[in-house]
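Examination of the molecular architecture
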Amino acid sequence: MNNETILKVDHITKRFSGLVAVNDLSLLMKKRTIHALIGPNGSGKTTTVNQITGAFPPTEGEIYYKGTCTTHMQPYQIARLGISRTFQNLKLFTSLSVLENLMVGGHQMTKMGILNFLINPVKAKQEEAQLLERAEEVLEYIGLKDLRDTNVKNLPYGKQKMTEFGRALMMKPELLILDEPAAGLNPTERKAFVDIILKTFDTGIDIFLIEHNMDVVMNICTDITVLNFGAKIAEGSPYDIQNNDEVIKAYLGDKYKPIMAVKKEVL
Amino acid sequence: MRKSLKGAGILLLLVILVVVPIVDKNTYHHIVLCQTLVNIVVVTGLNFITGLTGQMNMGTAGIMAMGAYSAALCSTKFNFPIIVGFIVAILMGLIVGKGLGYPSLRLKGVYLSLTTIGFSEITRLVLTNWVDLTGGTMGVQNIPWINLFGNKLDTSFKIYYFYLVIAILVTIASYRIIHSKWGRVFKAIKDNVEAVDASGVDIAKMKILAFTLATVLGCFGGAMYAHMMGYINPTTFTQDLSANYLAMMMIGGIGTVGGSVLGAIVITILPEVLRFMENYYWLVFSTIALLFAIFLPNGIVSLFTGNKLLKRFGRTEKSFKGEE
């Protein structure tokens, strides 16, 4: 494993008026890792991700993606650099079908301008066909081929999450940020989701995720950063984290120590 | 089966549109029909920004006025050829589109509506008071007829067929845009802006594009209106007109080309059909419009695309089938 950094968060602080949501957080994510950000509710995980993806800039500090400073970029610019994300509370296009949702995800790969589109129907069709091809590839990959023309709002929650995951994959990202991918899924769906995350990682996409489910985190992640009240309290491998007293105390309380030591077979 | 039915429906509508002015020789009716075509162009444009992208634009009257005055003044005051007037109207549409598009990046919902109303009213007041240029409340008179390759379109009958071709071209173009990547992104912006942003799409660019499509078609429609009537004045372009266009879009069916076309036809022609009721015609018309809004919330077009009437009463098609 090489030690090249893909994402560098450099002493960021985010204040919402009086509330310090993230306090002087630094974080290094290496290439070819699945990096998890964990912490109790309200510890600033989603705020951190929102800053990385550009939803709002940090009050202080800088964020670098592969050496490029992305601190004050717009979300769409950051996405174009190759960072794709899913949301904690699903953000799908509810009036569109599964296929169309994916195709919006791939919109930015298309190049044609609107005037060119109107005067050149042949080329327009080609471009649409390319986008469709990519969307069908992803549909196959996430296993929703049968549901391609179903409106997403009529899908069960697990399938909706899968659609959002597919939409994030459409643009062929290099870094995929997942905000609580396993939340709200039943054990079967969770297993399927973990499988697809690992499979995606194997195709060469690095993954940064927020997760509450310890089974998932401890089994698939290579690095973990733990937040509490907006500040980093620990980081390291799953093994280090499981045996870090500070983490167990802050995150779960002393009496839950045995639960942290999840065996691999549980999943 | 459904596709061929749809094709038959469109063909039927086309035949009706072509035949009616030949059968009906009444000149006033011809003017109403021309007005219908102008409205189709304008509503198709409005559909992009309000119907698809979900940005409430209540300034259609102002947009149309800009187009109408640009074209009219070019051919009367400055004696340019009419084609130049139309081009200037389109350029005006591009400018207004950018101008209205930028506020829409920061303003949402009712505040954007107020901004567009403000734009519309300012336009009307400037046109009323800048007497030297616009003729004030007297309006612009003697706007020349369109001259098409040496054929002077000097009756509403002739103009009708020219405008019919334009309306068909506009309809085809907007059908293509709605069913393309742009149509998809417009709808996606209405559903969830943040997710579109996170997908790497420049929202600012998209919203401005949607606004520009609306203003270009609005201004173009305005120019068509000016050359059809031969006379324009600012009192035409009040808020009533903007509301009328929104009504056409909603009663026809939001977000679809078919809806825009049907809405424009129904809302333009229905009041004329009801004229025999004399004093009561506007009351009856409003009642009918209200009934449409209640019983066909997805517009007239939903009559042809699926049984949306049932959904109104809390039953989906699926649950209805389940009861059988």
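All figures in this text were calculated on a predicted structure; none of them were measured in a lab.

1. Comments concerning the overall build of chain A
Regarding its fold elements, chain A presents 11 helices and 10 strands. The C-alpha atoms of chain A give a radius of gyration of 19 Å, which matches the 18 Å a tight globule of 267 residues would have. If you line up chain A on its principal axes, its C-alpha atoms span 65 × 40 × 40 Å. A buried classification covers 40% of the 267 residues belonging to chain A.

2. Notes on the sheet that holds strand β4 (residues 60–65) of chain A
Residue and element names in this part refer to chain A. Judged by pairing direction, the sheet is antiparallel, and its 4 strands sit side by side in the order β2-β1-β4-β5 without closing on themselves. Bordering the open sheet on either side are β2 (19–30) and β5 (68–69), each of which pairs with just one other strand. In the sheet, strand β1 (residues 5–16) pairs with β2 via 8 bridges, with the strands oriented antiparallel. When the sheet's bridge partners are listed, R15 is paired in β2 with V20.

3. Structural notes on the environment of B:S180
Position of B:S180 relative to the elements: it lies in the loop between α7 (156–178) and α8 (181–191). The buried category is assigned to B:S180, around which 21 C-beta atoms lie within 10 Å. In this structure, B:S180 is in contact with A:F117, A:A124 and A:E128, ignoring residues within four places of it in sequence.

4. Overview of helix α11 (residues 239–252) of chain B
With 14 residues, α11(B) extends 20 Å between its outermost C-alpha atoms, agreeing within 8% with the 20 Å of an ideal straight helix rising 1.5 Å per residue. Count one or two residues on from α11(B) and you reach B:G253, which has phi positive near 135°.

5. Description of the sheet that holds strand β9 (residues 223–228) of chain A
Residues and elements named next belong to chain A. Taken in spatial order, the 6 strands line up as β6-β7-β8-β3-β9-β10 in an open sheet, and their pairing is mixed. Among the strands making up the open sheet, the edge pair consists of β6 (83–85) and β10 (231–236). For this sheet, the mean inter-axis angle between neighbouring strands, taken without regard to orientation, is 20°. In this sheet, strand β8 (residues 206–210) lies alongside strand β7 (residues 175–179) in parallel orientation, the contact comprising 5 bridges. What sits directly across from D179, in β8, is I210.

6. Here's the deal with unusual backbone geometry
Residues and elements named next belong to chain A. Although it is not a glycine, K66 sits at a positive phi angle of roughly 45°. By the element assignment, K66 lies in the loop between β4 and β5. K66 sits in the partly exposed class, given 16 other C-beta atoms within 10 Å. We note that F229 has phi near 50°; this positive angle belongs to a residue other than glycine. By the secondary structure assignment, F229 is in the loop between β9 and β10. Judged by C-beta crowding, with 15 C-beta atoms within 10 Å, F229 ranks as partly exposed.

7. A few points about the domain arrangement of chain A
When the parts of a complex come together, some accessible area is lost, and that lost area is often taken as the interface size. Residues and elements named next belong to chain A. According to the domain assignment, chain A consists of domain 1 (1–82 + 173–267) and domain 2 (92–171). In this complex, domain 1 contributes 9 residues to the contact, which on the side of domain 2 involves 7 residues. The residue makeup of the side of domain 1 that touches domain 2, split by class, is 6 nonpolar, 1 polar and 2 charged.

8. Overview of the confidence of the model for chain B
Residues and elements named next belong to chain B. Overall, the prediction assigns chain B a mean pLDDT of 86, with 94% of residues at 70 or greater. The least confident element of chain B, judged by mean pLDDT, is helix α16 (residues 317–323) at 39; the most confident is helix α10 (residues 203–229) at 93. Low pLDDT (under 50) marks residues 307–324, which in the prediction has 12 contacts with non-local residues, meaning those over four places away or in another chain. Among the scores for the predicted complex, ipTM is 0.87 and pTM is 0.87.

9. Observations concerning α8(B)
Most of α8(B) sits out of view: 10 of its 11 residues are buried. For α8(B), the complete set of buried residues consists of B:K181, B:W182, B:G183, B:R184, B:V185, B:F186, B:K187, B:A188, B:I189 and B:K190.

10. Here we look at the pairing of β4(A)
Residue and element names in this part refer to chain A. In the sheet, β1 pairs with β4 via 5 bridges, with the strands oriented antiparallel. Bridge pairing in β4 links K8 to Y64. Bridge count for β4 against β5 is 2 bridges, and the pairing is antiparallel. Residue pairing in the sheet places Y64 in a bridge with C69 of β5. Two successive antiparallel strands, β4 and β5, enclose a turn made up of 2 residues, where K66 displays a positive phi of approximately 45°.

11. What to know about the pairing of strand β3 (residues 34–38) of chain A
Residues and elements named next belong to chain A. Taking burial as the measure, the 5 residues of β3 include 5 buried ones, the bulk of the element. Where β3 meets β8, 4 bridges bridge the pair, whose relative direction is parallel. Looking at the pairing, H35 lines up with F208 of β8. In this sheet, β9 lies alongside β3 in parallel orientation, the contact comprising 4 bridges. Following the sheet pairing, A36 is matched in β9 by I224.

Calculation notes
- Residues numbered from 1 in each chain as written.
- Chains lettered and ligands numbered in written order.
- Predicted model: local features only at pLDDT ≥ 70, side-chain atom pairs only at ≥ 80, totals over all residues.
- Helix = DSSP H or I, 4+ residues; strand = E, 2+ residues; numbered from the N terminus.
- Rg over C-alpha atoms; globule rule 2.2 N^0.38 Å.
- Buried ≥ 20, exposed ≤ 12 C-beta atoms within 10 Å, placed from the backbone.
- Pairing = 2+ DSSP bridges.
- Contact = placed C-beta atoms within 7 Å.
- Expected span 1.5 Å × (residues − 1).
- Axes fitted to C-alpha atoms, helices over the stretch in contact; angles between N-to-C directions.
- Domains from an automatic or database assignment.
- Nonpolar A, V, L, I, M, F, W, Y, C, P; charged D, E, K, R; others polar.
- pLDDT = per-residue confidence, 0-100.

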